[in-house]
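Structural characterization, general
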Amino acid sequence: MKRVLSVAVVLVGLITASTATADDGAGPFGVTVTVRDARVGVLLRAARGGHFCTASVVDAPHRDLIVTAAHCLGGDGGLVFVPGYRDGRALHGEWKVRRRFLPRGWVEGRHEDSDVGFAALAPRGGREVQDVVGGNRFVTGTATGATGVTVTGYPDARETPVSCTDTPSALGRTQQRVACPGFSGGTSGSPWVNGDGEVVGVLGGHDQGGTTPGVSYSVVLGAEARRLYRRAAGYP
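The text that follows walks through the structure, step by step, so that each part is easy to find. Note that the structure is predicted; figures quoted are calculated from it, not measured.

1. Description of empty space enclosed by the protein
Within this structure, the stated rule accounts for one cavity of 30 Å³ or more. Roughly 70 Å³ of volume is contained in the largest cavity. Looking at the largest cavity, the residues that line it are Thr142, Ala143, Thr144, Gly145, Ala146, Thr147, Val149, Pro168, Gln176, Trp192 and Val200.

Now the structure itself:
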C-alpha cells in the first residue's frame, strides 16, 4: 500500500494546496474534498476486515472487473471489494474477488513500472458489479499531463473517500505524479480519471504510490497494462 512516512492527515472541509481554477477535470486544482463515487470502493481482507487499499470498477464485456495497484492484490486469503463504501456501510453490497490478474513484470520482479492489477468479481444476486454501479473506461497510451485527472481514494484513517483534481507531471518515462494533499496509506489503487470519464492512471508505482500524503504516483499506462486489461476482460 502507499507507504506514507507521516500519516497524520487533517481534513476539515477542504485541504487547499492551490486556489487555481481547473480548465478541465472535476474542480479547483490541488484541493482535496470528501466525495461520493459508487464506482470507487475499498478492498478488504475477508478474514480480517478493515480496508487497506482502493479499487474501482472499469468497463469490461463481462461487467465484473476492478482495477487497483498490483501490490494490493498480493498475499493469501480472500479479498472483498465494497463499492461506494461509507462510514462502515456497504451501500452497494460486498463483492468477492474470484480471480486476480497481475502483470509479468510484477509477478517476476515486483517492478514498480508494473504496479497495476485487475480482479474479476463474483456475481451477487445474479448481477455483476458494473450492472449495479457502472464502470469507467480503462485507457492506455494517454500522454502524461494531456488533461487534468481526478484521483479518488480511501485513506486508512477515514471511512469516507477523498478526491482531488490536478494535472499529472512526468517522473521519467514510465511514471507520473500528482500533487494532492491527504492521500495517505490506503489510497493505493485509487483511479486517476480524466474529464472524459477514463481511467488513465492508478495510484501506485514509484515507492508503491509515494511516501508523503501530498504527492502520489502512478505507472504510465502503456503496452503492458493494455495487454493485462485485455486478458482480464476476456478479449482474445
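Moving on from the model shown.
2. Quick word on the packing of aromatic side chains
The description of an aromatic ring pair uses the distance of the two centres, along with the angle that the planes make with each other. For the structure on display, the rule yields five aromatic pairs. Ring centres 5.8 Å apart and planes at 55° place the aromatic pair Phe118 and Tyr229 in the tilted group. Residue Phe118 is found in strand E8 (residues 117-121), and its partner Tyr229 is found in helix H3 (residues 223-233); the two are separated by 111 residues along the sequence. The pair formed by Phe118 and Tyr229 is uniform in burial state, with each residue classed as buried. Taken together, a centroid distance of 6.2 Å and an interplanar angle of 50° make the contact between Tyr229 and Tyr235 tilted. Assessed through its relative accessible area of 11%, Tyr229 is described here as buried. The ring of Phe52 is capped by Arg45, whose NZ or CZ atom sits 4.2 Å from the centre of that ring.

3. Description of the environment of Glu128
By secondary structure assignment, the location of Glu128 is in the loop between E8 and helix H2 (129-133). Assessed through its relative accessible area of 21%, Glu128 is described here as partly exposed. For the pair Glu128 and Arg63, spaced 65 residues apart in the sequence, the C-alpha separation amounts to 5.8 Å. Filtering out sequence-adjacent residues up to four positions away, Glu128 remains in contact with His62, Arg63, Asp64, Trp95, Leu121 and Pro123.

4. Some points on H3
Regarding H3, the residues found buried are Ala225, Leu228, Tyr229, Ala232 and Ala233. When H3 is viewed along its axis, its buried side chains cluster within an angular range of 125° and face the same direction. Against the buried residues of H3 lie strand E5 (65-68), strand E7 (95-101), E8 and strand E9 (137-138). Two residues or fewer after H3 comes Gly234, characterised by a positive phi angle close to 90°.

5. Considerations on the pairing of strand E10 (residues 149-153)
In terms of burial, E10 is a largely internal element, five of the five residues being buried. Covered by surrounding structure in E10 are Val149, Val151 and Gly153 together with Thr150 and Thr152, the residues of both alternating faces. Note: E10 against strand E11 (residues 162-166), five bridges, orientation antiparallel. Among the inter-strand pairings, Val151 is bridged to a residue of E11, identified as Cys164. Pairing of E10 with strand E14 (residues 191-194) involves three bridges; the strand directions are antiparallel.

What counts, and where the lines are drawn
- Residues numbered from 1 in each chain as written.
- Predicted model: local features only at pLDDT ≥ 70, side-chain atom pairs only at ≥ 80, totals over all residues.
- Heavy atoms only, no water.
- 1 Å grid on protein atoms, 1.4 Å probe; cavity = no way out; pocket = protein on both sides within 12 Å on 5 of 7 lines; lining within 4 Å.
- Points joined across faces, edges and corners; volume = space filled by probe spheres on them.
- Phe/Tyr/Trp six-rings, centres within 6.5 Å; stacked < 30°, edge-to-face > 60°.
- Helix = DSSP H or I, 4+ residues; strand = E, 2+ residues; numbered from the N terminus.
- Buried < 20%, exposed > 50% of the residue type's maximum accessible area, 1.4 Å probe, protein only.
- Lys NZ or Arg CZ within 6 Å of the ring centre and 35° of its normal.
- Contact = heavy atoms within 4.5 Å.
- Arc of directions from axis to C-beta.
- Pairing = 2+ DSSP bridges.

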